[in-house]
Amino acid sequence: MNLEFSEYLPFLIPLIVLQIILVVIAIRKLISISHTKYINKLLWGVIIVFINIIGPILFIAVEGRES
């Protein structure tokens, strides 16, 4: 069972595109809000960038609503 990298590409490309879109949306929201409710903006930025897929979704769910 020796799989080549090219065999994984049809599964990886949509995940990579989704990750990039989520990070861009979350970073734009983070920059546009004046303050956050629970965690400071710098820590949210680290979470968004370094915790794949879950970080941006968590930010949008917790802090995404503009007040």
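Refer to the structure above for everything that follows.
Below, the structure is looked at part by part.

Reading guide: rules and limits
Residues numbered from 1 in each chain as written. Predicted model: local features only at pLDDT ≥ 70, side-chain atom pairs only at ≥ 80, totals over all residues. Heavy atoms only, no water. Phe/Tyr/Trp six-rings, centres within 6.5 Å; stacked < 30°, edge-to-face > 60°. Helix = DSSP H or I, 4+ residues; strand = E, 2+ residues; numbered from the N terminus. Buried < 20%, exposed > 50% of the residue type's maximum accessible area, 1.4 Å probe, protein only. Lys, Arg positive; Asp, Glu negative; His and termini not counted. Salt bridge = Lys/Arg side-chain N within 4 Å of Asp/Glu carboxyl O. Polar contact = N/O pair within 3.5 Å; in protein donor to acceptor, adjacent residues only side chain to side chain. Contact = heavy atoms within 4.5 Å.

### A look at the packing of aromatic side chains
Centre distance and the angle of the planes are the two values used to describe a pair of aromatic rings.
Inference 1: Going through the model one piece at a time under the given rule, you end up with one aromatic pair.
Inference 2: Each ring, one from Trp44 and one from Phe59, has its centre 5.2 Å from the other, and the planes form 70°; the classification is edge-to-face. With a gap of 15 residues between them, Trp44 in helix H2 (residues 41-50) and Phe59 in helix H3 (residues 54-63) connect regions that are remote in the sequence. Just as Trp44 is buried, Phe59 falls in that class too.

### Brief notes about the side chain of Glu63
Inference 1: Residue placement: Glu63 occurs in helix H3.
Inference 2: Summary of buried charges: Glu63 has no salt-bridge partner, and the nearest side chain of opposite charge, Lys37, is 5.2 Å away.
Inference 3: Here the side chain of Glu63 touches Lys37 through a polar contact of 2.8 Å, landing on its backbone nitrogen.
Inference 4: Those residues in contact with Glu63 that sit more than four places away from it in its chain are Thr36, Lys37, Tyr38, Ile39 and Trp44.

The analysis is restricted to geometry; functional conclusions fall outside its scope.
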